[in-house]
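Residue-level structural notes
Letter by letter, the chains look like this.
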Amino acid sequence: TLEFFGTGSSAIKNTSRNIYTLQVNKNTNGYVIIGDNEKVLNSVIFLHDKNWVKLNGKTLTLAPNCNVLNYSNKRYFITNGINKGFLKKLKVNTAAFTFPVGFDKNTYNPLTITENGTQDDYYVRCLENALLDGDQGNPISGGGISAGWLINENTPGGANAIIQAEWKTTDELPGFDYTKCMI
């Protein structure tokens, strides 16, 4: 078990080993910052409000049986970083898996994937805004929401996923229409 506690931010730097259990127990407004791509085998446990795991452009991989526990809108993964920084879950299948992600500590936009086709590894990153060209371009200014996600699967094809995205009503831009939501 690797537990982070106390005041200030802490960092994880890869030592070529997997983490069995990662516990985030920082004082209020605490970050655990990922310094290299990392892998957690069993669980990530958030133990205190206003605690975040900040990916800083790195990928945090969760093993197939790894669980994320006690996440909420005050405890989640921040997927900041330009064109990088993913929360990756191995072997997503018919058991719904929630990626508790946000762009920063004020933006919580979790995404849940249930894969009813061929199980696959999924990467998810929350963007600050929905962009006109998907992962680039200007932010959209109307008709959608002011949040976006990048979702990648490891092996293209064979997917039959149910994807559920969450956002606050304050993320809804002028002209947003629930009947025209799509991913």
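The following refers to the structure shown. What you see as residue numbers is a count from 1 along each chain, following the sequence as written. In keeping with the model being predicted, local features are shown solely for residues with a pLDDT of at least 70 and side-chain atom pairs are shown and tallied solely at 80 or more, while totals for entire chains, interfaces and linings include all residues. Each side-chain value is derived from all of the structure's non-hydrogen atoms; neither hydrogens nor water enter the calculation.

This next bit is on the packing of aromatic side chains. Stacked, tilted and edge-to-face pairs are distinguished by plane angle, under 30 degrees for stacked and over 60 for edge-to-face with tilted covering the rest, among Phe, Tyr and Trp rings (Trp via its six-membered ring) whose centres lie within 6.5 Å. Taken as a whole and judged by the stated rule, the model has eight aromatic pairs. Here W52 and Y76 contribute two aromatic rings whose centre-to-centre distance is 6.4 Å and whose plane-to-plane angle is 75°, an arrangement assigned as edge-to-face. Taken together, the residues span a long stretch of sequence, with W52 in strand β6 (residues 51–54) and Y76 in strand β9 (residues 75–78) at a distance of 24 residues. The residues W52 and Y76 share a single accessibility class, namely buried. Ring centres 5.0 Å apart and planes at 85° place the aromatic pair F97 and F99 in the edge-to-face group. There is no split in this pair, since F97 and F99 are both buried. These aromatic residues form a ring-pair network of at least three members: Y31, W52, Y76 and Y108. Residue placement shows K54 over the ring face of Y31; its charged tip is 4.7 Å from the ring centre. Here a strand is any run of E in DSSP of at least two residues, a helix any run of H or I of at least four, and the numbering for each starts at the N terminus. Exposure is judged per residue with a 1.4 Å probe applied to protein chains only, and the accessible area is read against the type maximum: over 50% gives exposed, under 20% gives buried, and values in between give partly exposed. Only when the NZ of Lys or the CZ of Arg is both within 6 Å of the ring centre and within 35 degrees of the ring normal is a charge said to sit over the ring.

Right, let's get into the pairing of strand β14 (residues 120–127). The buried fraction of β14 amounts to eight of the eight residues, a majority that puts the element mostly inside the structure. Alternating positions in β14 separate into two faces, D120, Y122, V124 and C126 on one and D121, Y123, R125 and L127 on the other, with burial throughout. Pairing between strands is defined by DSSP: at least two bridges between them are needed. With six bridges joining them, β14 and strand β15 (residues 148–153) adopt antiparallel strand pairing. From the neighbouring strand, V124 faces β15, where its bridge partner is I151.

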